[in-house]
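Close look at the chain arrangement
Residue strings, one per chain:
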Amino acid sequence: MAYKAALFDLDGVVIDTERQYSKFWGRVGKRYFPDQPDFAEKIKGSTLVQIYDRYFKGETDKQQAITKGLDDFERSMDYVFIPGFCAFVGMLRAHGVKTAVVTSSNLVKMANVYRAHPDFKNLFDAILTSEDFDKSKPDPDCYLKAEQCFGFQLGECVGFEDSINGLKAVKAAKMLCVGLATTNPKEVVSRYADLVIDNYLQDGDVKARATYNKLLSLFV
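From a predicted model like this one, the values you see are computed outputs, not experimental measurements.

Reading guide: rules and limits
Residues numbered from 1 in each chain as written. Predicted model: local features only at pLDDT ≥ 70, side-chain atom pairs only at ≥ 80, totals over all residues. Heavy atoms only, no water. Salt bridge = Lys/Arg side-chain N within 4 Å of Asp/Glu carboxyl O. Helix = DSSP H or I, 4+ residues; strand = E, 2+ residues; numbered from the N terminus. Buried < 20%, exposed > 50% of the residue type's maximum accessible area, 1.4 Å probe, protein only. Contact = heavy atoms within 4.5 Å. Pairing = 2+ DSSP bridges. Right-handed = clockwise from strand over helix to strand, strands pointing away.

1. Some remarks on the pattern of salt bridges
- Applying the stated criterion to the full structure yields 15 salt bridges.
- For Arg75, the salt bridge identified is with Asp72, shortest N-O distance 2.2 Å. Of this pair, Arg75 and Asp72 both sit in helix α4 (residues 60-75), three residues apart, roughly one helical turn.
- Exposure remark for Asp72: the relative accessible area of 30% places this residue in the partly exposed category.

2. Re helix α7 (residues 141-150)
- Looking at α7, one finds that the buried residues are Asp141, Cys142, Tyr143, Ala146, Glu147 and Phe150.
- Summarising the contacts, the buried residues of α7 are in contact with β1 (5-8), β2 (98-102), β3 (126-128), β4 (157-161) and α8 (164-172).
- The positive-phi residue at the C-terminal boundary of α7 is Gly151, with phi of around 75 degrees.

3. Some details on the pairing of β2
- For β2, a buried count of four out of five residues is recorded, marking the element as mostly surrounded by other parts of the structure.
- The sheet contact formed by β1 and β2 spans four bridges and is parallel. In the strand pairing of β2, Phe8 is matched with Val101.
- Bridging between β2 and β3 involves three bridges; their strand directions are parallel. Looking at the pairing, Ala100 lines up with Ala126 of β3.
- Viewed along the sheet, the connection from β2 through helix α6 (residues 107-116) into β3 turns out right-handed.

These figures capture arrangement, not role.
What follows is the structure, encoded as structure tokens:
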């Protein structure tokens, strides 16, 4: 069957920002949890609300300081596309496939993305942010809402994710899952994903081309 929509997480799936976030959260961990050198890894794929509930519950001053630091950091980040993404999503749209961003990022963060890429919105039929969801990943709420906004039936959408929570959300939504090995090793991503890719490039070695052709065959 040809799937009708491609639903993309943002960080690590559309734009290559995860390593930058690791630096920010690494500094947060060093300041507040010096005994947890892997703090930045532990919070990958978590929303800010989830991080605060788990590590800074009731600590309003710390939450405000981190939020301000994060807002400042995101304004100066590099928002570079994952290699091959723009060409891939353009090809999908040319074949009538609907595309959407399904991200835990908020509108403040997205304003930074739009400044970096003025044509960003033109790549997608819909952009859903944290303000649109009642529950955070790994709950499937965000992907189910994206599916509903297109009016498609169960099993007609493909979800693209990189984080463990995101991958779990796609599977919980009963969607085919494409995992990107941009944040976690392939062997970890493959536990949750139906197909694992490094990026969206169609060139490379024989194995890379075969993987791209398999990805393409989902939609065309």
